[in-house]
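Take a look at the letters that make up each chain.
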Amino acid sequence: MFALLRSVWDEPRPARAAARSWWDWALVAVLAVVAVLETVLRPELSWRIGSLVLALVLLPLLLVRRSRPLLAVAGAFGIGAVASLVFGSESDLTVLVFMVLFPFALFRWGSGREWVAGLAVMLGKVGLSAVLGYISPGDVVAGCAVLGTACALGAAVRYRGRARARELDQVKLLERERLARDLHDTVAHHVSAMAIRAQAGLATAPHRPEAATEALALIEAEASRALAEMRTMVRALRDNDSADLAPNPTVSDVALLASAGRPGPEVDVRIDGAVDALPKSVGTAIYRLTQESVTNARRHARHATRIEVRVTVGETAVRLRVSDDGETGKTPAAQGHGLIGMKERATLLGGTCEAGPDASGWTVTAVLPLGAAR
């Protein structure tokens, strides 16, 4: 039990709190209008003007409920307690139901120490009202149940968000590992070629001295390619699994994804430009992105009959476009983390990858620059 309490006490704040947005201001504005209308339309309110002033004073605290959750809770319930003491009763203004947002925000965005302090403030406010007779024992139970539910929901959303972030990090790490493997194999190919050229030069040098010069020129070229590939390498962790011995796929292998005459949506592939001169890292990335896009379209595009793959090799970049004619009621991104991995791979190579619905269906577009790889 002590360990559990200690872990709660030491619970840190989330790394990134949601920033204040336009709809926070819209929420405050709408609630202010509702408070004014309720005050005007409900003449039976016990202290009408006081209730309206209380609501208008508390509403700005909603703007800081994420960045300063303890301040928002302490201010809201502290001001509420002072108002109850001044007017001798609890306000019956219905719009004050927005007070449940403060305990929710406290457990969603606050630290463990802030949880303890905030709970003390909230329970102190309820206990004070009960002792002074402003609320009945039944109201005390109901109020604690509502506050407890709001706190539990905030904690549930908090830990679900943390699990989601951890899951996304795992997807990105997996894609970084795959990219590291691909680039490792590419650089190993260049280094092997350099070693073979050097051995050949040493073997023929006694009979043909110019062979050493030719070998050095070839080694220099291979070294330049290897260094260019190494510059695109990312600091990605690798497991101790043995590397895949199969050769890395290239842009030319994208044509193998075509499925004319096969069951399911027809996959039409067209490749334009000089693909033989592409850096291996870029060629492998284009194939991986195409493979993932086609797989997602086959699995998740509803009523799709055709998938078009277009690869265009330009002077400075390679452009990929994969589109299908399926219905866009449900996005493929909701089915898994393939899209996240695709974006991570493109970003690591200095490019971009976007996906979304358009007039024809679902389209994935990617642009990978050639300058950095070369």
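In the block above lies the structure referred to throughout.
All figures in this text were calculated on a predicted structure; none of them were measured in a lab.

Colleague: Give me the overall build of the protein chain: which residues, what numbers.
Modeller: Secondary structure summary: the protein chain contains 10 helices and 5 strands in total. Relative to its full complement of 374 residues, the protein chain shows a buried share of 39%. Relative to all contacts within the protein chain whose residues are 6 or more apart in sequence, the contacts with residues 24 or more apart total 76%.

Colleague: How would you sum up the sheet that holds strand β4 (residues 352-357)? Please name residues and give values.
Modeller: Spatially, 5 strands are ordered β1-β2-β3-β5-β4 in an open sheet, and the strand pairing comes out mixed. Two strands close off the open sheet at either side, each with one partner strand: β1 (266-272) and β4. Across the sheet, the mean angle separating the axes of adjacent strands is 10° when strand polarity is ignored. In this sheet, strand β5 (residues 362-369) lies alongside β4 in antiparallel orientation, the contact comprising 6 bridges. Pairing of G356 across the sheet is with T363, part of β5. Of the strands in this sheet, β1, β2 (306-313), β3 (317-324) and β5 are in contact with helix α9 (residues 280-300), which crosses β3 at around 10°.

Colleague: A description of helix α4 (residues 69-87) should follow, citing residues and the corresponding values.
Modeller: The terminal C-alpha atoms of α4, which comprises 19 residues, lie 27 Å apart, in line with the 27 Å expected from a rise of 1.5 Å per residue. In the stretch just after α4, G88 is the one whose phi turns positive, near 75°.

Colleague: Any chance you could break down the side chain of S111 for me, citing the residues and the numbers?
Modeller: Here S111 lies in the loop between α5 (101-109) and α6 (112-131). Of the residues examined, S111 reaches a relative accessible area of 16% and is grouped as buried. Here S111 is in contact with E11, P12 and R13, once residues within four sequence places are set aside.

Colleague: Any details on the packing of helix α3 (residues 48-58) against α4? Residues and values, ideally.
Modeller: Put simply, α3 and α4 touch, their axes get as near as 10 Å, and they point 165° apart. Overall, the two elements α3 and α4 adopt an arrangement that is roughly antiparallel. α3 and α4 meet at a crossing whose hand is right-handed. Seen from α3, the contacting residues are G50, L54, V57 and L58; seen from α4, they are G75, A76, I79, G80, A83 and F87. When its residues are assigned to classes, the contact of α3 with α4 shows 7 nonpolar, 3 polar and no charged.

Colleague: Go over the environment of A76 with me, naming the residues and quoting the values.
Modeller: Its location among the elements puts A76 in helix α4. Assessed through its relative accessible area of 0%, A76 is described here as buried. Through-space distance from the C-alpha of A76 to that of M99 is 7.5 Å; in sequence the pair is 23 residues apart. Leave out the neighbours within four places in its chain, and A76 touches L58, L61, M99 and F102.

Colleague: Let's hear about the pairing of β1: which residues, and what values?
Modeller: Pairing of β1 with β2, which is carried by 7 bridges, proceeds in the parallel orientation. Looking across to β2, one finds that I271 is bridged to V311. Chirality of the crossover, the property in question, places the unit of β1, α9 and β2 among those that are left-handed.

Colleague: Break down the packing of aromatic side chains for me, with residues and values.
Modeller: The full count for this structure, using the stated rule, is 3 aromatic pairs. Ring geometry for F98 and F102: centres 6.3 Å apart, planes at 65°, overall edge-to-face. For F98, a relative accessible area of 4% translates into the label buried. Centroid distance F107 to W115: 4.9 Å. Interplanar angle 15°. Geometry classified as stacked. The pair formed by F107 and W115 is uniform in burial state, with each residue classed as buried.

Colleague: Kindly report on the nonpolar core, identifying the contributing residues and their values.
Modeller: Generally speaking, a soluble globular protein has its nonpolar side chains buried in company with each other. Among the nonpolar cores identified, the biggest contains 34 residues, and L58, F77, F98 and F102 are the most heavily contacted of them. At the level of elements, α2 (22-41), α3, α4, α5, α6 and α7 (137-204) are the ones that each hand at least two residues to this core. Broken down by element, the residue count for this core peaks at 5 residues, all from α4. In this structure, F77 is in contact with M99, F102, P103, V121, M122, K125 and L147, ignoring residues within four places of it in sequence. One finds V251, V254, V269 and M342 within the second-largest nonpolar core, a separate group that totals 30 residues.

Colleague: Explain the pattern of salt bridges residue by residue, including any values.
Modeller: In this structure the tally under the stated criterion is 11 salt bridges. Among the salt bridges present, the one from R42 reaches E38, with a minimum N-O distance of 2.5 Å. R306 is the partner of E308 in a salt bridge, and the nearest nitrogen-oxygen pair spans 3.1 Å. The class for E308 is partly exposed, based on a relative accessible area of 26%.

Colleague: Give me the lowdown on a nonpolar patch on the surface, citing residues and values where you can.
Modeller: A surface patch of nonpolar side chains, about 470 Å² in accessible area, is lined by V33, V36, L37, V40 and L41. For V40, the location among the structural elements is in helix α2.

Rules used in this analysis
Residues numbered from 1 in each chain as written. Predicted model: local features only at pLDDT ≥ 70, side-chain atom pairs only at ≥ 80, totals over all residues. Heavy atoms only, no water. Helix = DSSP H or I, 4+ residues; strand = E, 2+ residues; numbered from the N terminus. Buried < 20%, exposed > 50% of the residue type's maximum accessible area, 1.4 Å probe, protein only. Contact = heavy atoms within 4.5 Å. Pairing = 2+ DSSP bridges. Axes fitted to C-alpha atoms, helices over the stretch in contact; angles between N-to-C directions. Expected span 1.5 Å × (residues − 1). Parallel < 35°, antiparallel > 145°, perpendicular 65-115°, else oblique. Left-handed = near helix turned anticlockwise from the far one by under 90°. Nonpolar A, V, L, I, M, F, W, Y, C, P; charged D, E, K, R; others polar. Right-handed = clockwise from strand over helix to strand, strands pointing away. Phe/Tyr/Trp six-rings, centres within 6.5 Å; stacked < 30°, edge-to-face > 60°. Core = buried A, V, L, I, M, F, W, Y, C linked by side-chain atoms within 4.5 Å. Salt bridge = Lys/Arg side-chain N within 4 Å of Asp/Glu carboxyl O. Patch = residues over 30% accessible without salt bridge, like charges linked within 9 Å, V, L, I, M, F, W, Y side chains within 5 Å. Areas by Shrake-Rupley, 256 points an atom, 1.4 Å probe, with all protein chains shown as cover.

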